[in-house]
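# A closer look at the structure
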Amino acid sequence: MPELEPILYSSSTYLFNHTRTVCEMPDHIDYLAVCAHPDDAELTCAGLLMRAKDSGYSIGVVDLSRGELGSRGSVTDRDAEASAAATVMALDVRYNLELPDGNIVCSRENVIRLVELIRRWRPRMLITSYWEDHHPDHVQTSKIATDAWWFAGVANYPGGGIAHRPERILYYQGRGVFPPSCVVDITSTWERKKSAIACYHSQLHRNTAESEPKTYTSSENFMDLWEGRHRYLGSLIGTEYGEAYHVRTPVPVFDIASLTGGAPGVL
Ligand SMILES: [Zn+2]
């Protein structure tokens, strides 16, 4: 296959069109988020990803679509915003599968494409949308990621490479809520998470954009609401900011002392 130039996000982050030959792909990604639209990772699991990066792990985001149905701004805007946010988050890779926004479906073909990536990068953890969500694309993304997580570890399933199943799959909280299985302290990364979200100028409130369609994220007080949610989640574990996750099996405890990690009176 011919080698084509990747679209550079920054010196260390790339977006590859799926029709292009992959070049300069990383050999391994430790923590991989699979999201429906650019800005989903920033709004949901960016705090966890950046904490992982701060601890020396490699992090990546696979956006399943380019968000071309967005009510505000253009797809070119979203590409540029995703690029800027990738730099803020210091992603080791950002890859876009270019599935159609508004028509993301859990087909065998789409699962295989994600299986290929999982086997290539061999992440230790997959992070994706919780399966109950207001947006059908988020629901389908959860299903695609869950199926790919499983089938990537089945040796005879198509997709090439060597079978690999990430040790853990985490489901992040979108606009909806669920009783969290665990809350990750993201106090140290909250300001960067806020900066990454702010990269999506076209989606957020702008005084000059009053003629554009109004959405939940473009409401004037959206960032205050979003910060309030993270503060609330942090309060559950005695920290300033938190992100909520669901896991389907019990969270293992190997260090008893970790159970007393919250602020006094929280647990
Ligand atoms: Zn989304």
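Here goes a summary of the coordinates provided.

Each value, and the rule that gives it
- Residues numbered from 1 in each chain as written.
- Predicted model: local features only at pLDDT ≥ 70, side-chain atom pairs only at ≥ 80, totals over all residues.
- Helix = DSSP H or I, 4+ residues; strand = E, 2+ residues; numbered from the N terminus.
- Buried ≥ 20, exposed ≤ 12 C-beta atoms within 10 Å, placed from the backbone.
- Pairing = 2+ DSSP bridges.
- Axes fitted to C-alpha atoms, helices over the stretch in contact; angles between N-to-C directions.
- Parallel < 35°, antiparallel > 145°, perpendicular 65-115°, else oblique.
- Left-handed = near helix turned anticlockwise from the far one by under 90°.
- Contact = placed C-beta atoms within 7 Å.
- Nonpolar A, V, L, I, M, F, W, Y, C, P; charged D, E, K, R; others polar.
- Core = buried A, V, L, I, M, F, W, Y, C linked by C-beta atoms within 7 Å.

Below, the discussion takes up the environment of W226. In this structure, W226 sits in helix α7 (residues 222–236). Using a count of 16 C-beta atoms within 10 Å as the deciding quantity, one classes W226 as partly exposed. Between the C-alpha atom of W226 and that of K194, which follows or precedes it by 32 residues, the distance is 9.4 Å.

This brings us to the sheet that holds strand β3 (residues 31–35). What the 7 strands build is an open sheet, ordered β5-β4-β3-β6-β7-β9-β8; its pairing is mixed. The sheet terminates laterally at β5 (93–96) and β8 (182–185), the two strands that pair on one side only. Sheet twist, expressed as the average angle between the axes of neighbouring strands with direction ignored, equals 30°. The pairing of β8 with strand β9 (residues 242–246) spans 4 bridges and is classified as antiparallel.

Next up on the list: helix α2 (residues 46–54). Since one α-helical turn is 3.6 residues long, residues separated by three or four positions face the same way. Burial analysis of α2 places 7 of its 9 residues in the buried class, the great majority of the element. For α2, the full list of buried residues reads A46, G47, L48, L49, M50, R51 and A52. Positive backbone phi, approximately 100°, marks G56, located one or two places after α2.

For the rest of this paragraph, the subject is the packing of α2 against helix α6 (residues 190–198). Running from N to C, α2 and α6 point in directions that differ by 125°, and their axes come no closer than 9 Å. Of the possible angle classes, the one that applies to α2 and α6 is oblique. Considering the relative orientation of α2 and α6, their crossing is right-handed. Contacts from A46, G47 and M50 of α2 reach α6 at W190, R192, K193 and A196.

Moving on: the packing of helix α4 (residues 108–121) against helix α5 (residues 136–151). Contact pair α4 / α5: the axes reach a minimum separation of 8 Å and the direction vectors enclose 55°. Taken together, the axis directions place α4 and α5 in an arrangement best described as oblique. Handedness of the crossing formed by α4 with α5: right-handed. When α4 is examined against α5, the residues N110, V111, L114, V115 and I118 are found in contact with a partner set consisting of I144, A145, D147, A148 and F151. Residues that form the contact of α4 with α5 fall into these classes: 8 nonpolar, 1 polar and 1 charged.

The nonpolar side chains of soluble globular proteins are, as a tendency, buried together. If you look at the biggest cluster of nonpolar residues, it comprises 62 residues, and the most contacted ones within it are A33, L49, L114, I127 and A148. Take this core: its biggest share by element is 6 residues, from α4. Excluding its chain neighbours within four sequence positions, the residues that come into contact with I127 are Y31, A33, C45, L48, L170 and Y172.

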